[in-house]
Amino acid sequence: MNRRQPHHQRLPRLWMMTDERQRDGLWRALERLPRGGGVVFRHYSLPPAERRALFRKVRAIARRRGLRLLLAGPPHLAAAWGADGSHGRRPAGRAIGLTSAPAHDLREIRSAERAGARLLFLSPAFETRSHPHAAALGPLRFAWLARQTALPVVALGGMTAARARRLRASGLHGWAAIDAWTPDHSDNW
């Protein structure tokens, strides 16, 4: 069922998920992400005004560096904040820009497809510090799930460039990480 379309090639292959754990390391990570990469801005726990102020700073760097920036949240909020699109389980209202969705199993993949997502973050591919008690999909289950959709699939969860190379045969479009973009973890794909 792997029916990848040519327009998927224009989507970033390397992604960074922002996280409160990054603290000031966020700025170094944004500078390390290769030009043409993507950022999913999360920082869910911040109060709304603080979250928006931080988003503005990240957006300025993303624009300067040629990075696609998605806001984790509803499409109308992403549009209001000037994001390139939104990331979330079910877009509420008409999608504007690129829409991505998280998925952990086949049911969530189908839900993302029905919701009109254009990009799928499939996780956790491997054990991850972000969700220490979540069962990792592992290479075989990840590959099987990735082949069940025509959407471009981005591997997330314990990802590094070396692990992305292990998953290439599954047809993945790219990979995303938090920790891999810190100076002592990154090696490009």
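Cut-offs used in this document
- Residues numbered from 1 in each chain as written.
- Predicted model: local features only at pLDDT ≥ 70, side-chain atom pairs only at ≥ 80, totals over all residues.
- Heavy atoms only, no water.
- Helix = DSSP H or I, 4+ residues; strand = E, 2+ residues; numbered from the N terminus.
- Buried < 20%, exposed > 50% of the residue type's maximum accessible area, 1.4 Å probe, protein only.
- Contact = heavy atoms within 4.5 Å.
- Areas by Shrake-Rupley, 256 points an atom, 1.4 Å probe, with all protein chains shown as cover.
- Phe/Tyr/Trp six-rings, centres within 6.5 Å; stacked < 30°, edge-to-face > 60°.
- Core = buried A, V, L, I, M, F, W, Y, C linked by side-chain atoms within 4.5 Å.
- Pairing = 2+ DSSP bridges.
- Axes fitted to C-alpha atoms, helices over the stretch in contact; angles between N-to-C directions.
- Expected span 1.5 Å × (residues − 1).
- Arc of directions from axis to C-beta.
- Right-handed = clockwise from strand over helix to strand, strands pointing away.

A.B. asks: Pulling in residues and values, what's your account of the overall build of the protein chain?
C.D. replies: The secondary structure content of the protein chain amounts to six helices and eight strands. For the protein chain, the α and β elements follow one another from N to C terminus as β-α-β-α-β-α-β-β-α-β-α-β-α-β. Scored against the burial criterion, the 189 residues of the protein chain give a buried share of 49%. Excluding contacts between residues fewer than 6 apart, the proportion of contacts in the protein chain whose partners are at least 24 apart in sequence is 54%. For the protein chain, the computed accessible surface area is about 9200 Å², with 53% contributed by carbon and sulfur atoms.

A.B. asks: Residue-level account of the packing of aromatic side chains, with values.
C.D. replies: As enumerated under the stated definition, the model contains four aromatic pairs in all. Plain terms: the ring middles of Phe41 and Phe55 are 5.3 Å apart, the flat faces sit at 80° to each other, and that makes the pair edge-to-face. In this pair, Phe41 is assigned in strand 2 (residues 38–41) and Phe55 in helix 2 (residues 48–65), connecting sequence segments 14 residues apart. Each member of the pair Phe41 and Phe55 is classed as buried. Consider the rings of Phe55 and Trp81, whose centres lie 5.4 Å apart with planes at 50°: the pair is tilted. Here Trp81 lies in helix 3 (residues 75–81) and Phe55 lies in helix 2, a separation of 26 residues in the sequence. Judged by relative accessible area, which is 0%, Phe55 ranks as buried. Taken together, the ring pairs connect Phe41, Phe55 and Trp81 into an aromatic cluster.

A.B. asks: Describe the nonpolar core, with residues and values.
C.D. replies: Core analysis: the largest hydrophobic core is formed by 44 residues, its most contacted members being Leu122, Phe142, Met159 and Trp175. Of the residues forming this core, the biggest block, five residues, is contributed by helix 2. In this structure Phe142 touches Leu122, Ala125, Leu137, Val153, Ala155, Leu167, Ser170 and Leu172, once residues within four positions along its chain are discounted.

A.B. asks: Tell me about the sheet that holds strand 1 (residues 14–17), and please be specific about residues and values.
C.D. replies: Overall, parallel pairing links the eight strands, which are arranged 1-2-3-4-5-6-7-8 in a closed barrel. Averaged over all pairs of adjacent strands, the angle between their axes in this sheet comes to 25°, without regard to strand direction. Summarising the sheet, strand 1 and strand 2 pair through three bridges and their orientation is parallel. Bridge pairing links Met16 to Val39 in strand 2. Contacts between helix 2 and the sheet are confined to strand 2 and strand 3 (68–72), with strand 3 contributing the most and set at about 165° to the helix. Of the strands in this sheet, strand 5 (98–103) and strand 6 (119–122) are in contact with helix 4 (residues 106–115), which crosses strand 5 at around 165°.

A.B. asks: Let's hear about helix 2: which residues, and what values?
C.D. replies: With 18 residues, helix 2 ought to run about 26 Å at 1.5 Å a step, and its terminal C-alpha atoms sit 25 Å apart, in line with that. Taken as a whole, helix 2 has its buried residues at Arg51, Leu54, Phe55, Val58, Ile61, Ala62 and Arg65. Across the axial projection of helix 2, the buried residues extend over an arc of 125°, all falling on one side. Along helix 2, the residues that are exposed and aim more than 90 degrees away from the buried face are Ala49 and Lys57.

A.B. asks: An account of the pairing of strand 6 is requested, with residue identities and associated values reported.
C.D. replies: The alternating pattern of strand 6 places Leu119 and Phe121 and Leu120 and Leu122 on opposite faces, both of which are buried. As defined by bridge partners, strand 5 adjoins strand 6 across four bridges and the pair is classed as parallel. Of the residues in strand 6, the one forming a bridge with Ser100 is Leu119. One crossover worth recording links strand 5 to the parallel strand 6 by way of helix 4, and it is right-handed.

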